[in-house]
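Listed below, chain by chain, are the residues.
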Amino acid sequence: LSHLKKKKRYNLKRDKRKILEFSPKILIDDGNNLEEMFELSIARFRIKYPDDPSEQSAFEDDRRKEVFREIVKNANNYQVRLITTIINNKIEAVEFGLVYKKIYYALNAGVDVSHFSGLGVFSNLLVIEDALGLGCTKIDFLESDNNWKSSWQLDSYYQYQFTK
């Protein structure tokens, strides 16, 4: 994180300290809190965009939930990583990732940011710490942005390019 601007590093550390004051319990497992991630993701979008049906969690569609269940069930050549943050005995954040050939893929998350300011940042930092602890050489946060990736100065790559 040393390549980030001083103010950004300060804000990341501040958010981490704010969440650590709640003495969160962090669980890393292979899929036990998947359903909670769905619920948290759906709730976050419904709170943030109550009147905009075009802005909704991917998990409003049961087929997407089933895809993630199958990913967990069929883990063989890759490792499933669910990072769960529990505050006051309640699941408040779940990050879903995969590790394949030393690349950590952060696929999706459900985070209750409405009650805990800084929890989204804290949750992303847990992903980074997990990837480093596993010896991963790269973390891929995939395509969706939600306006945080540019502030972290992450590299972006085109997935598709159409030419005429």
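Definitions and cut-offs
Residues numbered from 1 in each chain as written. Predicted model: local features only at pLDDT ≥ 70, side-chain atom pairs only at ≥ 80, totals over all residues. Heavy atoms only, no water. Core = buried A, V, L, I, M, F, W, Y, C linked by side-chain atoms within 4.5 Å. Buried < 20%, exposed > 50% of the residue type's maximum accessible area, 1.4 Å probe, protein only. Helix = DSSP H or I, 4+ residues; strand = E, 2+ residues; numbered from the N terminus. Expected span 1.5 Å × (residues − 1). Contact = heavy atoms within 4.5 Å. Arc of directions from axis to C-beta. Phe/Tyr/Trp six-rings, centres within 6.5 Å; stacked < 30°, edge-to-face > 60°.

Draft legend 1. Structural detail: the nonpolar core. With 17 residues, the main nonpolar core has I19, Y104, L119 and V127 as its most contacted residues. Ranked by residue count, the leading element in this core is helix 4 (residues 119–133), at 6 residues.

Draft legend 2. Focus on helix 2 (residues 34–48). Between the first and last C-alpha of helix 2 there are 21 Å, a value that for 15 residues agrees with the 21 Å anticipated at 1.5 Å per step. If you check which residues of helix 2 are buried, you get L34, M37, F38, L40, S41 and I42. Its buried side turned inward, helix 2 meets helix 3 (62–73), strand 2 (79–87), strand 3 (90–100) and strand 4 (103–111).

Draft legend 3. Focus on helix 3. With 12 residues, helix 3 should cover 16 Å at 1.5 Å per step; its first-to-last C-alpha distance of 16 Å lies within 8% of that length. Among the residues of helix 3, those classed as buried are K65, F68 and I71. When helix 3 is viewed along its axis, its buried side chains cluster within an angular range of 115 degrees and face the same direction. Among the exposed residues of helix 3, those oriented more than 90 degrees off its buried face are D62, R63 and K73. Tucked inside the fold, the buried residues of helix 3 contact helix 2, strand 2, strand 3 and strand 4.

Draft legend 4. Layout of the packing of aromatic side chains. Tallied over the full model, the rule gives 4 aromatic pairs. Relative to F116, the ring of F22 has its centre 5.0 Å away and its plane inclined at 85 degrees; by these criteria the two rings are edge-to-face. Highlighted residues: F22 in the loop between helix 1 (6–20) and strand 1 (25–29) and F116 in the loop between strand 4 and helix 4, separated in sequence by 94 residues. When its relative accessible area of 38% is taken as the criterion, F22 is described as partly exposed. Aromatic rings pair up to connect F38, F59, F68 and F96 into one cluster.

These figures capture arrangement, not role.
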